[in-house]
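Fold and contact review
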Amino acid sequence: MVMNMINKINFKALAGAVVCGGIAYMTATGAILNYINFAGPENEMGFFFLANMMMLMCLMGIRK
């Protein structure tokens, strides 16, 4: 049962979703400001939105 489930998961998409989720979380908490300087709050909100959209797209691609 577990091996069948492991064979059906695309781990590249799962890794991408975890990374994008981490970036979105860091943006929401403000920790990303230690690494990236945004020109304004609108840019930061757009970055957060794009990171979340990328995470959702990766989550949709998990099934093979």
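Attention in this report is confined to the structure presented alongside it.

About the cut-offs
- Residues numbered from 1 in each chain as written.
- Predicted model: local features only at pLDDT ≥ 70, side-chain atom pairs only at ≥ 80, totals over all residues.
- Heavy atoms only, no water.
- Axes fitted to C-alpha atoms, helices over the stretch in contact; angles between N-to-C directions.
- Helix = DSSP H or I, 4+ residues; strand = E, 2+ residues; numbered from the N terminus.
- Parallel < 35°, antiparallel > 145°, perpendicular 65-115°, else oblique.
- Left-handed = near helix turned anticlockwise from the far one by under 90°.
- Contact = heavy atoms within 4.5 Å.
- Nonpolar A, V, L, I, M, F, W, Y, C, P; charged D, E, K, R; others polar.
- Expected span 1.5 Å × (residues − 1).
- Buried < 20%, exposed > 50% of the residue type's maximum accessible area, 1.4 Å probe, protein only.
- Arc of directions from axis to C-beta.
- Polar contact = N/O pair within 3.5 Å; in protein donor to acceptor, adjacent residues only side chain to side chain.

Packing of helix 2 (residues 11–29) against helix 3 (residues 41–60) brings their axes to within 8 Å, and their N-to-C directions diverge by 160 degrees. One finds that helix 2 runs roughly antiparallel with respect to helix 3. Seen from above, helix 2 lies across helix 3 with left-handed handedness. Residues Ala13, Gly16, Ala17, Cys20, Gly21, Ile23, Ala24, Thr27 and Ala28 of helix 2 lie in contact with helix 3, whose contacting residues are Glu44, Phe47, Phe48, Ala51, Asn52, Met54, Met55, Cys58 and Leu59. Looking at side-chain class alone, the contact of helix 2 with helix 3 contains 13 nonpolar, four polar and one charged residues.

Each turn of an α-helix holds 3.6 residues, which means side chains three or four residues apart point in the same direction. In a regular helix each residue adds 1.5 Å, so 19 residues correspond to 27 Å; helix 2 covers 27 Å between its end C-alpha atoms and thus fits that length. Within helix 2, burial applies to Ala13, Gly16, Ala17, Cys20, Gly21, Ala24 and Thr27. Looking down the long axis of helix 2, one finds its buried residues gathered within 130 degrees of arc, a one-sided arrangement. Facing away from the buried side of helix 2 by over 90 degrees, the exposed positions are Val18, Val19 and Tyr25. Taken together, the buried residues of helix 2 touch helix 3. Its side-chain oxygen 3.3 Å from the backbone nitrogen of Lys12, Asn10 forms the N-cap of helix 2. Positioned one or two residues after helix 2, Gly30 has a phi angle of 90 degrees, which is positive.

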